[in-house]
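Inside the fold
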There are 2 protein chains.
Amino acid sequence: MGKTVRETFRMPADLDLSAIDPRGRPVGPRDKAAAAADMTELGERLDHLQEALYAEATGGSPRAVLLVLQGMDTSGKGGVIRHVGGLVNPQGLQIATFKKPTDEELAHDFLWRVRRQVPVAGRIGIFDRSHYEDVLIARVDSLVPEDVWRRRYTEIAQFEAELDEQGVTIVKCMLHISAKEQAERLVARLDDPAKRWKYNPGDLDARAKWPAYQEAYAEALRRTDTSAAPWYVIPSDRKWYRNWAIAALLAETLADLDPRFPKPDFDVDAERARLAASTVP
Amino acid sequence: MGKTVRETFRMPADLDLSAIDPRGRPVGPRDKAAAAADMTELGERLDHLQEALYAEATGGSPRAVLLVLQGMDTSGKGGVIRHVGGLVNPQGLQIATFKKPTDEELAHDFLWRVRRQVPVAGRIGIFDRSHYEDVLIARVDSLVPEDVWRRRYTEIAQFEAELDEQGVTIVKCMLHISAKEQAERLVARLDDPAKRWKYNPGDLDARAKWPAYQEAYAEALRRTDTSAAPWYVIPSDRKWYRNWAIAALLAETLADLDPRFPKPDFDVDAERARLAASTVP
């Protein structure tokens, strides 16, 4: 019996990002056409599982799923929302994008804005960036002193353990791309007028600090990889593979939760009789 | 030159709901197969238009679209979210469901909870029920005195005019079903264990007041149909036709807005040079 998708992508405890190939395809489809066929089937499964999760919540279950997406600029966070999120009923999604904190957000603890976006029962939440920025850019750009960002590893792990206790299943994905692939994607954004709005000159400033970011990512992942909130490293130089891998991870996670349609809290036969008797003028 | 989709479904000033056939197909595909082909093409157009609307907002445009869905139980509000909302990038959607108001909501003006859910710039907002409940169930069940709900017609029209001035294009759809079709859909919900969670015994109480609701709908629509916030009556006994009609309405509305990718606020050639010079160790 082979490894599960989750086992395949789960980060090793001694994570070294340079040892993971961003073009790797350790499991699943070998090419784009095979991935497309798989995605159709995964989409149907995800859609059904998500509907059951949503339905279950109407019966009082607190369960929800939270997909955290982190990765360098152009690594495909938006693409995953479009292509994986797009596989299910949008009503069952709760998408949150975390940008540079506002003054109001900065006036609070770093987890304040994140807690407000935790998916409600029955939903699949997707975080486009997250509280991990507070140990990534905050570290690389020295936005706070080292003792502050170091303390956050523990605070994050506690926060995620709380969520897990509340019934929120957390799936954290680092979209792992190469610097070469990033350069190609940035060129594509500059070249195509319909993509130019996605380009931000600040992306090159972050790119210039690539090794510092890789180090910050690796330590953040090592320090916050728990059984309640595991990290997966997704080879992301191939967009179709990245999308397939995350769809497959989610489907496996949801199948494991095995959400159930709730039992009716009314008498079905009595309602049938009431309905049959209801006449509308 | 034929009528536009908007002209076709726009309510007449002297609206009489009993004069509109819930199985009507006044324009567009005649059968499910033709509708499916149309939906594929509409989906591509909607997706592109929505991306442009989203992109435009990153350049500072305040424009957004708000689709308001109203209709009796089982009329298909959720189905429209799934099948029409599902045509576009979920990141560009902002879906709000209005249920029975909470105590906190009731402590505020009836528009308070609605204002909080107005789509931000660049998004397509979808309201699953809306402030119209405050002149529908509020009237039929006498939740407030008549002078209060009557005053709301004006308050709603003013609110919607404000939104329009702020750049929010409003598309209001009444999903028009027959009492017979509703009975069939309620039976289906009772019969199928995977649909039973959608059934609510209270639905039959509302059904018993069908004529009062039709009257409340007709008056609400007549009093709040403005050029800034027009009402469309969508024949909804056929699910595929309802979905097609709303997708087509939205596509026409967005095409008319003609959203544009913003001009870059940086020097493209200078960025190309910076990128070419950026080397990552």
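Everything quoted here is computed from the prediction, not taken from an experiment. (Residues numbered from 1 in each chain as written. Chains lettered and ligands numbered in written order. Predicted model: local features only at pLDDT ≥ 70, side-chain atom pairs only at ≥ 80, totals over all residues. Heavy atoms only, no water.)

What follows deals with the relation of the copies chain A and chain B. Aligned on chain B, chain A shows an RMSD of 0.0 Å; the corresponding rotation is 180° and the shift along the axis is 0.0 Å. Expressed as a symmetry operation, the mapping of one chain copy onto the other fits a two-fold axis. Among all C-alpha atoms of chain A, that of A:P90 lies closest to the rotation axis, at 3.0 Å. Residue by residue, 100% of the interface of chain A is reproduced at the interface of chain B, so both copies engage with the same surface. (Least-squares fit on C-alpha atoms with pLDDT ≥ 70 in both. Contact = heavy atoms within 4.5 Å.)

Time to look at the UniProt feature "domain: Polyphosphate kinase-2-related" (unreviewed entry) in chain A. Taking the numbering used here, the UniProt-annotated feature "domain: Polyphosphate kinase-2-related" (unreviewed entry) corresponds to residues 32–256 of chain A. Taken as a whole, residues 32–256 of chain A contains 53% helix and 14% strand, while its terminal C-alpha atoms sit 27 Å from one another. (UniProt positions renumbered as here; feature names shortened; annotations may be inferred. Helix = DSSP H or I, 4+ residues; strand = E, 2+ residues; numbered from the N terminus.)

So, about the sheet that holds strand β4 (residues 168–176) of chain B. Note: strands within a sheet are paired through backbone hydrogen bonds, in either parallel or antiparallel orientation. Residue and element names in this part refer to chain B. Taken in spatial order, the five strands line up as β2-β3-β1-β4-β5 in an open sheet, and their pairing is parallel. Of all strands in the sheet, those bounded by a partner on one side alone are β2 (93–97) and β5 (231–235). Between one strand and the next, the sheet's axes are offset by a mean angle of 20°, whatever the strand orientation. Examined bridge by bridge, β2 and strand β3 (residues 124–128) share five bridges and lie parallel to one another. Note on β3: the bridge partner recorded for A96 is F127. Contacts between helix α11 (residues 239–257) and the sheet are confined to β1 (64–71), β3, β4 and β5, with β4 contributing the most and set at about 165° to the helix. (Pairing = 2+ DSSP bridges. Axes fitted to C-alpha atoms, helices over the stretch in contact; angles between N-to-C directions.)

Attention now moves to the pairing of strand β5 (residues 231–235) of chain A. All names here are of chain A. In terms of residue burial, β5 counts as a mostly covered element, since five of its five residues are buried. Both faces of β5 are covered, namely the face carrying W231, V233 and P235 and the face carrying Y232 and I234. Here strand β4 (residues 168–176) pairs with β5 via five bridges, running parallel. In the strand pairing of β5, K172 is matched with W231. (Buried < 20%, exposed > 50% of the residue type's maximum accessible area, 1.4 Å probe, protein only.)

This paragraph deals with the interface of chain A and chain B. Of the residues lining the interface, 47 residues belong to chain A; the matching set on chain B comes to 47 residues. Joining chain A to chain B, the criterion identifies nine salt bridges. Taken together, the links from chain A to chain B amount to 16 residue pairs in polar contact (both at pLDDT 80 or more). Contributing elements (two or more residues each) for the side of chain A that touches chain B: α2 (32–58), α3 (77–83), β2 (93–97), α8 (179–191), α9 (202–207), α10 (210–224) and α12 (268–277) of chain A. When residues in the side of chain A that touches chain B are grouped by element, the largest group, six residues, is from α8(A). Here the residues of the side of chain A that touches chain B sort into 27 nonpolar, eight polar and 12 charged. (Salt bridge = Lys/Arg side-chain N within 4 Å of Asp/Glu carboxyl O. Polar contact = N/O pair within 3.5 Å; in protein donor to acceptor, adjacent residues only side chain to side chain. Nonpolar A, V, L, I, M, F, W, Y, C, P; charged D, E, K, R; others polar.)

Helix length check: helix α10 (residues 210–224) of chain B, at 15 residues, gives a terminal C-alpha distance of 21 Å against a target of 21 Å (1.5 Å per residue), a fit within 8%. Considered for burial, the residues of α10(B) that qualify are B:W210, B:Y213, B:Q214, B:A216, B:Y217, B:A218, B:E219, B:A220, B:L221 and B:T224. (Expected span 1.5 Å × (residues − 1).)

Residues and elements named next belong to chain B. With their axes 9 Å apart at the nearest point, helix α7 (residues 146–166) and α10 run at an angle of 45° to one another. Comparing their axes, α10 and α7 come out oblique. The two elements α7 and α10 cross, and the hand of that crossing is right-handed. Touching R150, Y153, I156 and E160 of α7 are E219, A220, R223 and T224, all from α10. (Parallel < 35°, antiparallel > 145°, perpendicular 65-115°, else oblique. Left-handed = near helix turned anticlockwise from the far one by under 90°.)

All names here are of chain A. Taking strand neighbours across the sheet as the criterion, the five strands line up as β2-β3-β1-β4-β5 in an open arrangement whose pairing is parallel. With partners counted over all chains shown, the strands left at the sheet margins are β2 and β5, one partner each. Going across the sheet, the axis of each strand differs from the next one's by a mean of 20°, ignoring polarity. Across the sheet, helix α7 (residues 146–166) touches β1 (64–71) and β4, and the angle it forms with β4 is around 135°.

Right, let's get into the packing of helix α2 (residues 32–58) of chain B against α11(B). Residue and element names in this part refer to chain B. Running from N to C, α2 and α11 cross one another at 30°; their axes reach a closest spacing of 9 Å. When the axes of α2 and α11 are compared, the pair comes out roughly parallel. The hand of the α2/α11 crossing is left-handed. Between α2 and α11, the contacting residues are K32, A35, D38, M39, L42, R45, L46, L49 and L53 on the first element and W240, N243, W244, A247, A248, L250, A251, L254 and A255 on the second. Of the residues contributing to the contact of α2 with α11, the split by class is 14 nonpolar, one polar and three charged.

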